[in-house]
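Here is what each chain is made of, one letter per residue.
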Amino acid sequence: MRHAMENDEQYYQREKVLLEYLAFHYPEPAADPMRALLGDRTPPLGERFPFAVRDLWEPCADAIALDVGAAVGRVTFDLAEDHAYAVGLDLSGMLMRGAQ
(Lines give C-alpha, C1' and ligand atoms only; values in the text may rest on other atoms or scores of the structure.)
Protein backbone atom coordinates (compact mmCIF):
# COMPACT_ATOMS: atom_id res chain seq x y z
CA MET A 1 0.00 0.00 0.00
CA ARG A 2 2.81 2.43 0.77
CA HIS A 3 4.24 2.02 -2.72
CA ALA A 4 0.92 3.05 -4.33
CA MET A 5 0.77 6.21 -2.21
CA GLU A 6 4.28 7.19 -3.25
CA ASN A 7 3.33 6.82 -6.91
CA ASP A 8 0.20 8.96 -6.38
CA GLU A 9 2.27 11.70 -4.76
CA GLN A 10 4.71 11.67 -7.67
CA TYR A 11 1.91 11.76 -10.25
CA TYR A 12 1.47 15.53 -9.94
CA GLN A 13 5.20 16.08 -10.26
CA ARG A 14 5.26 14.64 -13.79
CA GLU A 15 5.92 17.20 -16.51
CA LYS A 16 3.15 15.81 -18.76
CA VAL A 17 0.54 16.15 -15.98
CA LEU A 18 1.63 19.70 -15.20
CA LEU A 19 1.48 20.70 -18.87
CA GLU A 20 -2.05 19.24 -19.16
CA TYR A 21 -3.22 21.17 -16.09
CA LEU A 22 -1.68 24.37 -17.44
CA ALA A 23 -3.29 23.88 -20.86
CA PHE A 24 -6.77 23.45 -19.36
CA HIS A 25 -6.41 26.28 -16.85
CA TYR A 26 -4.61 28.77 -19.13
CA PRO A 27 -5.72 27.78 -22.65
CA GLU A 28 -4.35 29.50 -25.71
CA PRO A 29 -7.27 30.33 -28.03
CA ALA A 30 -5.61 28.65 -31.02
CA ALA A 31 -4.64 25.54 -29.04
CA ASP A 32 -7.55 25.03 -26.61
CA PRO A 33 -7.27 21.36 -25.51
CA MET A 34 -11.05 21.13 -25.00
CA ARG A 35 -11.63 21.98 -28.67
CA ALA A 36 -9.29 19.13 -29.64
CA LEU A 37 -11.42 16.77 -27.53
CA LEU A 38 -14.95 18.07 -28.20
CA GLY A 39 -14.74 19.96 -31.48
CA ASP A 40 -17.81 22.10 -32.15
CA ARG A 41 -19.44 20.88 -28.91
CA THR A 42 -16.81 22.71 -26.84
CA PRO A 43 -18.55 24.97 -24.31
CA PRO A 44 -17.49 28.62 -24.15
CA LEU A 45 -14.57 29.28 -21.81
CA GLY A 46 -16.74 31.09 -19.26
CA GLU A 47 -19.02 28.06 -18.86
CA ARG A 48 -16.39 25.53 -17.83
CA PHE A 49 -14.09 24.90 -14.91
CA PRO A 50 -12.10 26.72 -13.67
CA PHE A 51 -13.63 29.81 -15.27
CA ALA A 52 -17.28 29.24 -14.29
CA VAL A 53 -16.45 29.14 -10.57
CA ARG A 54 -15.92 32.88 -10.65
CA ASP A 55 -19.72 33.20 -10.62
CA LEU A 56 -19.79 31.46 -7.23
CA TRP A 57 -18.38 34.35 -5.19
CA GLU A 58 -19.22 37.97 -4.68
CA PRO A 59 -16.28 40.33 -5.24
CA CYS A 60 -15.23 41.88 -1.95
CA ALA A 61 -12.42 44.42 -2.20
CA ASP A 62 -11.62 44.30 1.53
CA ALA A 63 -11.69 40.51 2.03
CA ILE A 64 -9.05 37.79 1.98
CA ALA A 65 -9.82 34.73 -0.17
CA LEU A 66 -8.48 31.20 0.36
CA ASP A 67 -8.19 28.64 -2.45
CA VAL A 68 -7.56 25.18 -0.97
CA GLY A 69 -6.45 22.61 -3.52
CA ALA A 70 -5.32 25.37 -5.87
CA ALA A 71 -3.49 23.10 -8.36
CA VAL A 72 -1.84 25.55 -10.82
CA GLY A 73 -3.48 28.61 -9.25
CA ARG A 74 -5.97 29.71 -11.90
CA VAL A 75 -8.80 30.27 -9.41
CA THR A 76 -6.37 31.89 -6.95
CA PHE A 77 -5.46 34.52 -9.53
CA ASP A 78 -9.14 35.18 -10.25
CA LEU A 79 -9.85 35.50 -6.52
CA ALA A 80 -6.99 38.00 -6.25
CA GLU A 81 -8.65 40.20 -8.88
CA ASP A 82 -11.89 40.33 -6.88
CA HIS A 83 -10.52 40.50 -3.32
CA ALA A 84 -7.94 42.46 -1.35
CA TYR A 85 -5.70 39.41 -1.13
CA ALA A 86 -5.83 35.74 -2.16
CA VAL A 87 -3.91 32.73 -0.88
CA GLY A 88 -3.64 29.47 -2.83
CA LEU A 89 -2.70 26.24 -1.06
CA ASP A 90 -1.84 22.96 -2.73
CA LEU A 91 0.20 20.01 -1.51
CA SER A 92 1.14 18.78 -4.99
CA GLY A 93 3.67 21.52 -5.74
CA MET A 94 1.80 22.43 -8.93
CA LEU A 95 1.02 25.92 -7.64
CA MET A 96 4.68 26.93 -7.66
CA ARG A 97 5.15 25.48 -11.13
CA GLY A 98 2.02 27.17 -12.50
CA ALA A 99 3.20 30.58 -11.30
CA GLN A 100 6.42 30.36 -13.29
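Basis of the calculations
- Residues numbered from 1 in each chain as written.
- Predicted model: local features only at pLDDT ≥ 70, side-chain atom pairs only at ≥ 80, totals over all residues.
- Heavy atoms only, no water.
- Core = buried A, V, L, I, M, F, W, Y, C linked by side-chain atoms within 4.5 Å.
- Buried < 20%, exposed > 50% of the residue type's maximum accessible area, 1.4 Å probe, protein only.
- Contact = heavy atoms within 4.5 Å.
- Helix = DSSP H or I, 4+ residues; strand = E, 2+ residues; numbered from the N terminus.

Peer 1: Even after reading the chapter, I still don't get the nonpolar core, so can you show me in this structure?
Peer 2: Generally speaking, nonpolar side chains in soluble globular proteins are found buried as a group. One finds V53, W57, A65, V75, L79 and A86 forming the largest nonpolar core, which totals six residues. If we skip the residues at most four places from it in the chain, L79 touches W57, A65, D67 and A86.

Peer 1: Is there a simple way to think about unusual backbone geometry in this case?
Peer 2: Note: most peptide bonds trans; most residues except glycine with negative phi. Along the chain, F49 connects to P50 via a cis peptide bond; the corresponding omega equals 5°. Structurally, the position occupied by P50 is in the loop between helix 3 (33-38) and strand 1 (60-68). In this model, A71 sits at a positive phi of 55°, which is unusual for a non-glycine residue. Classification of A71 by relative accessible area gives buried; the value is 11%.

Peer 1: Would you explain the side chain of D82 in this entry?
Peer 2: Secondary-structure assignment places D82 in helix 4 (residues 74-82). In contact with D82, other than residues within four places in its own chain, are R54, W57, P59, C60 and A61.

Interpretation note: all reported values are geometric properties and have no functional meaning in isolation.
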